[in-house]
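Chain residues, written in single-letter form:
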Amino acid sequence: MNLPDKFDLFVLPEGVKKVELQKDTKIQNAALFTVQKEDHTVGNLIRMQLHRDPEVLFAGYRMPHPLEHKIVVKVQTTPNSEPKRAFNKALTELISELSMIEDKFKREIARKQHEGAMHDM
Amino acid sequence: ETGYQRRVRELCVRTTHSRHLTTTMPKKGKLPAHIEEKKTRVHVQEASPAYATSWTSSSTFKSLGVDQSFKLKTFKKDFQLNVLSLSDDEICFEMIGIDAPLANAFRRILLCEIPTMAIEKVYIEYNTGVLHEEMIAHRLGLIPIKVDPREFEFHEPNEPFTDIDTIVFDLDVKCEKKGDEIVHSKVYSSDLVWQPQGAQQEKFESNPIQPVHKNIILTQLRPGQTIKLSAHCHKGIGKEHAKWSPVGTASYRILPEIILNEKKPFLDEEAKKLVKVCPMGVFDIEDFGAHKKAFVKAPRSCTMCRECIRHDDWGQRVNLRRVKDHFIFTVESTGVYLASELLTEALKIFINKCQNLQEHLKSASNTD
């Protein structure tokens, strides 16, 4: 009865923006990104990738409430960069990492299947 | 003190000083061995694991002159992927050089973000069996349907249902007594008859749509009882309901590493006791001069039961560790996708997610 629809976990309602940016008024080069309809799968990964950027001073994420499906990512960078650029860079790096993993996986599967075929012969 | 004695004394001080420096200062760009060990290994001790967090942040070891920032080239060089075993249903592979959040993200996506087709709406005409309608509908939903979900599309809300987003199955079973024999006392998933809609007849002519397994018992009937219903399948993802999950189970474990202290080896009786105590056969005995010594034969089969560090003072002599960046995945498919296709699909969805986020990030506005 009180259970929210399961598709609320990933369906973005009308008029709601997926990513919202809120600049921090008190700290230089710091911003709060609110990403709707995402969870720890992406959140933890973006946080990890942001940590590996030397321009990022602070990066953290949290899910304010488990029943509200959004994550909040806080990023602070050195004056050489800015939070939006760091976030974008993290996503780009993730995409290139994943493409590389995809390539390697395809090659390994092909090799393993070839091996299996040779074995059968 | 003579001049000679003074020179000898100064020389001794200088050499000991420089020796002291070289043992503590690491080579340029590399971490000292004891820190490298804590960074790359989880130490599993009797009380609890230690050094389990990852120190992969770019600035962690800046003061030691080690730069850990992300470089695609370094990642490409360090990353390894080996397929350990492959069959239609199950794949076991290992990934070396990635971090825990990445491995966990794969596991989560394999479990609940790869779409499949499953029975969603059941229109029951009559059911005089013992099992009530919602139970039958629940069981029908959990049946894996052998069709490529990529041929179908998600049903948009408020849109009419078409042949591109719905598969229709009919179930019409009557339990009867034919002479001495009782027919159809068990209703199987093979009793679901596919009703091709629109263009589906042509499209799936060569491989008709059917459940993956024919012998799933849905319910049981007695003579005179009938079930007649029509079941509609839609495309969905595991997040919404577990019936749409394409994997039976997707899990990973981190490579165990066991190191025996060479200065206090396990010999003879102790070695035999060590080999006996381990339930997974990790240790074995080899010849060591006049004695028999225990060595680590199969570290991969270790299940971290900690038996080998529980007895006597073995906790100091057996080093039970895990290699933090080595993940061994075991993925079992329900039969909808081939095991080899699952990770490719997961990666595609993952990359789409990140690209989608990038698009939305561009249009992210300032809210103050």
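The present account deals with the structure reproduced in this document. Everything numeric here is computed off the predicted structure, so don't read it as measured data.

The rules we used
Per chain, residue numbering runs from 1 following the sequence as it is written. Labels are handed out in written order, letters beginning with A for the chains and numbers beginning with 1 for the ligands. Whole-chain, interface and lining totals are the exception, using all residues; otherwise, since this is a predicted model, local features are given only for residues with pLDDT of at least 70 and side-chain atom pairs are given and counted only at 80 or more. With hydrogens and water excluded, all non-hydrogen atoms of the structure serve as input to the side-chain values. Pairing between strands is defined by DSSP: at least two bridges between them are needed. By the criteria applied, helices consist of DSSP H or I runs no shorter than four residues and strands consist of E runs no shorter than two, each listed in order from the N terminus. Geometry is summarised by axes, namely lines fitted to C-alpha atoms with helices restricted to the contacting stretch, and by angles between N-to-C directions that run from 0 to 180 degrees. Throughout, a residue-residue contact means that at least one pair of heavy atoms, one from each residue, lies within 4.5 Å. Within 6.5 Å between ring centres, the rings of Phe, Tyr and Trp (the latter by its six-membered ring) count as paired, and their orientation is classed by plane angle as stacked under 30 degrees, edge-to-face over 60, tilted in between. Think of it in three bands: residues with accessible area under 20% of the maximum for their type are buried, residues over 50% are exposed, and the middle band is partly exposed, with areas taken using a 1.4 Å probe on protein chains only. Using a 1.4 Å probe, buried area is obtained as the accessible area two parts lose upon being combined, added over both of them. Salt bridge, as used here, is a side-chain nitrogen of Lys or Arg placed within 4 Å of a carboxyl oxygen of Asp or Glu. Computed over the protein atoms alone on a 1 Å grid, cavities are sets of points where a 1.4 Å probe fits but cannot get out and pockets are open sets with protein on both sides within 12 Å along at least five of seven lines; a residue lines them when it has an atom within 4 Å of a point. Grid points are joined across faces, edges and corners, and a volume is the space filled by probe spheres set on the points. In this count, Pro and Cys sit with the nonpolar residues alongside Ala, Val, Leu, Ile, Met, Phe, Trp and Tyr, while Asp, Glu, Lys and Arg are called charged and the others, Gly among them, polar.

**Side note on the sheet that holds strand 2 (residues 30-36) of chain A**
Whether parallel or antiparallel, the strands of a sheet pair through hydrogen bonds between backbone atoms. All names here are of chain A. One open sheet holds the four strands; their spatial order is 1-2-4-3, and the pairing between them is antiparallel. The open sheet has two edge strands with one neighbour each: strand 1 (19-23) and strand 3 (56-62). For this sheet, the mean inter-axis angle between neighbouring strands, taken without regard to orientation, is 15°. Here five bridges tie strand 1 to strand 2, and the two strands are oriented antiparallel to one another. Among the inter-strand pairings, Lys23 is bridged to a residue of strand 2, identified as Ala31. Sheet strands touched by helix 2 (residues 83-120): strand 1, strand 2, strand 3 and strand 4 (70-77). Its angle to strand 4, the strand with the most contacts, is close to 115°.

**Considering the sheet that holds strand 5 (residues 116-127) of chain B**
Residues and elements named next belong to chain B. Pairing is antiparallel in the open sheet, where four strands are placed in the order 5-14-7-11. Two strands in the sheet have a free side with no partner beyond their single neighbour: strand 5 and strand 11 (193-195). The average undirected angle you get between the axes of adjacent strands in this sheet is 30°. In this structure, strand 5 lies alongside strand 14 (residues 226-236), joined through 10 bridges in antiparallel fashion. Following the sheet pairing, Met117 is matched in strand 14 by Lys235.

**Focus on the packing of aromatic side chains**
Under the defined criterion, the tally for this structure stands at 12 aromatic pairs over all chains. Ring geometry for Phe75 of chain B versus Phe79 of chain B: centroids 5.4 Å apart, planes at 15°, classification stacked. Considered together, Phe75 of chain B and Phe79 of chain B belong to a single accessibility category, that of buried residues. Feature note: the residues Phe105 of chain A together with Phe93, Tyr252, Phe327 and Phe329 of chain B constitute an aromatic cluster, connected by ring pairs.

**A short note on the interface of chain B and chain A**
Opposite the 51 residues of chain B that make contact, chain A presents 50 residues. Across the interface of chain B and chain A, roughly 5,000 Å² is buried in total on both sides, 67% from carbon and sulfur atoms. If you sort the residues of chain B by the area they bury against chain A, Phe70, Leu357 and Leu361 of chain B come out on top, with a joint share of 15%. Linking chain B with chain A are three salt bridges, by the criterion used here.

**Section: the layout of surface pockets**
Here the largest pocket is characterised by a volume of approximately 1,300 Å³. Lining the largest pocket are 34 residues, and of these Phe10 and Val11 of chain A together with Phe154, Ile237 and Glu240 of chain B sit closest to its centre. Ranked by residues supplied to the lining of the largest pocket, first place goes to helix 9 (residues 339-362) of chain B with six residues. Looking at the lining of the largest pocket residue by residue, the class counts come to 12 nonpolar, six polar and 16 charged. What the second largest pocket holds in volume is close to 750 Å³. Along the walls of the second largest pocket sit 25 residues, with Arg52 of chain A together with Lys39, Thr56, Gln68 and Asp78 of chain B positioned nearest its centre. Elements supplying a minimum of two residues to the lining of the second largest pocket: helix 2 (33-40), helix 3 (72-78) and strand 18 (318-333) of chain B.

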